[in-house]
Amino acid sequence: LVDEFAAFGPLYMKWVRSRLQDGGMTYARMRLLGALHCNGPQIMSSISDELGVTRRNITALVDALEDEGLVRRKPHPTDRRATVIEMTGRGERTMDSIYDEHRAAVAELFAELDEEDRRELTRMLGALREALRREGICG
């Protein structure tokens, strides 16, 4: 089980990255847009903590996404040292489109499993995710 899971994870991520790059999006950019899409505007340090990447990496990602018109920086309303990052309308539309395409691609991949196996896999992954939450791992 450990070997299969360890082998599947990197292969799955390689597959995800290849599908995203076909559409011109990197995985790192999608994760940042996803964090903003799900949680709303945030300061960069919060995004950095949520994604588990350095603040320097977040700055580079925000710079690139801002250049593409997908996010914008705004001054924090109460903390002059902080900058709030928010999605633009174009960013929202892009994220909606990417997410829809990603869901369709994953559905295609998991169509290799019959319906009963998909339900069982969903149940098992949910149980493992819950076990991690009990250990204090959020996500």
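Going by the structure above, here's the rest.
Residues numbered from 1 in each chain as written. Predicted model: local features only at pLDDT ≥ 70, side-chain atom pairs only at ≥ 80, totals over all residues. Heavy atoms only, no water.

Within the secondary structure layout, His102 lies in helix H5 (residues 89-110). His102 has contacts with Tyr12 and Val16, leaving out every residue within four places of it along the chain. (Helix = DSSP H or I, 4+ residues; strand = E, 2+ residues; numbered from the N terminus. Contact = heavy atoms within 4.5 Å.)

What follows deals with the packing of aromatic side chains. Applying the stated rule across the entire model yields three aromatic pairs. Arranged with centres 5.6 Å apart and planes meeting at 20°, the rings of Phe8 and Tyr12 form a pair that is stacked. Here Phe8 pairs with Tyr12, and both are found in helix H1 (residues 2-22), just four residues apart, close to one helical turn. You can call Phe8 partly exposed: its relative accessible area is 42%. Joined through ring pairs, the aromatic side chains of Phe8, Tyr12, Trp15 and Phe110 make up one cluster. (Phe/Tyr/Trp six-rings, centres within 6.5 Å; stacked < 30°, edge-to-face > 60°. Buried < 20%, exposed > 50% of the residue type's maximum accessible area, 1.4 Å probe, protein only.)

Bringing the sheet that holds strand S3 (residues 83-87) into the picture now. Reading across the sheet, the three strands line up as S1-S3-S2 and stay open at both edges, with antiparallel pairing between neighbours. In the strand order of this sheet, the two ends are held by strand S1 (42-43) and strand S2 (71-75), each with one partner. Direction of pairing for S2 relative to S3: antiparallel, over a ladder of five bridges. By the bridge assignment for S3, Arg73 is matched with Ile85. Lying over the sheet, helix H4 (residues 55-67) contacts S2 and S3, oriented at roughly 115° with respect to S2. (Pairing = 2+ DSSP bridges. Axes fitted to C-alpha atoms, helices over the stretch in contact; angles between N-to-C directions.)

With that settled, the discussion passes to H1. Across its 21 residues, H1 extends 31 Å between first and last C-alpha, which sits within 8% of the 30 Å expected from 1.5 Å per residue. Of all the residues in H1, the buried ones are Tyr12, Val16 and Leu20. Buried residues of H1, viewed axially, fall in a sector of 60°; they line one side. Of the exposed residues in H1, the ones pointing more than 90 degrees away from its buried face are Asp3, Pro10, Leu11, Lys14, Gln21 and Asp22. The secondary structure elements touched by the buried residues of H1 are helix H2 (27-39) and H5. Once H1 ends, the next one or two residues include Gly24, with phi positive near 85°. (Expected span 1.5 Å × (residues − 1). Arc of directions from axis to C-beta.)

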